[in-house]
Amino acid sequence: MEHIQEELNTVMEVMVSDVFIYLDLFVFSFIFTMLLSSVLQSLALSILFFFGCYSLFSCVYFFVFNRKVKKIKL
């Protein structure tokens, strides 16, 4: 039982790490851009939209969730 608990703790640490969350936001932004590619008129606009989505999602994560968690830890 202790071994399983240690493994679960390791998985939880990876799942809530900033690198994993930013990678997840990258994938979601890419999927969101691909789903809207038929509406976007050019490749340049699609790339701009992708970077805009990723920036928006990253800022929301950083300013809302990341700061909220750090305030709770204090």
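Cut-offs applied
- Residues numbered from 1 in each chain as written.
- Predicted model: local features only at pLDDT ≥ 70, side-chain atom pairs only at ≥ 80, totals over all residues.
- Heavy atoms only, no water.
- Helix = DSSP H or I, 4+ residues; strand = E, 2+ residues; numbered from the N terminus.
- Rg over C-alpha atoms; globule rule 2.2 N^0.38 Å.
- Buried < 20%, exposed > 50% of the residue type's maximum accessible area, 1.4 Å probe, protein only.
- Phe/Tyr/Trp six-rings, centres within 6.5 Å; stacked < 30°, edge-to-face > 60°.
- Patch = residues over 30% accessible without salt bridge, like charges linked within 9 Å, V, L, I, M, F, W, Y side chains within 5 Å.
- Areas by Shrake-Rupley, 256 points an atom, 1.4 Å probe, with all protein chains shown as cover.
- Salt bridge = Lys/Arg side-chain N within 4 Å of Asp/Glu carboxyl O.
- Contact = heavy atoms within 4.5 Å.

Details of the overall build of the protein
1) Next: Check the secondary structure of the protein and you find three helices and zero strands.
2) Next: N-terminal to C-terminal, the α/β element order of the protein is α-α-α.
3) Next: Relative to the globule expectation of 11 Å for 74 residues, the C-alpha radius of gyration of the protein, 17 Å, shows a markedly less compact shape.
4) Next: By principal-axis analysis of the C-alpha atoms, the protein measures approximately 55 × 30 × 15 Å.
5) Next: Split into buried and exposed, the 74 residues of the protein put 14% on the buried side.

Things to note about the packing of aromatic side chains
1) Next: Under the criterion given, the structure shown has seven aromatic pairs.
2) Next: With a centroid separation of 5.2 Å and an interplanar angle of 90 degrees, the aromatic rings of Phe26 and Phe50 are classed as edge-to-face. With Phe26 in helix H2 (residues 18–35) and Phe50 in helix H3 (residues 43–73), this residue pair connects regions lying 24 residues apart in the sequence.
3) Next: Between the aromatic rings of Phe26 and Tyr54, the centroid separation amounts to 5.9 Å while the plane-to-plane angle is 80 degrees, which identifies the pairing as edge-to-face.

Focus: a nonpolar patch on the surface
1) Next: Together, Leu23, Phe26, Val27, Phe28, Phe30, Ile31, Met34 and Leu35 make up a nonpolar patch on the protein surface, roughly 790 Å² of accessible area in all.
2) Next: On the secondary structure map, Leu23 appears in helix H2.

So, the side chain of Thr33
1) Next: You can see Thr33 is positioned in helix H2.
2) Next: Look at Thr33 and you get buried, because its relative accessible area is 4%.
3) Next: Sequence-distant contacts of Thr33, that is, excluding residues within four places in its chain, are made with Leu40, Ser46, Phe49 and Phe50.

Observations regarding the environment of Phe49
1) Next: Turning to its location among the elements, Phe49 is positioned in helix H3.
2) Next: Sequence spacing of Phe49 and Phe30 is 19 residues, and the spatial spacing of their C-alpha atoms is 9.6 Å.
3) Next: Not counting residues within four places of it along the chain, the set of residues in contact with Phe49 comprises Phe32, Thr33, Leu36 and Leu40.

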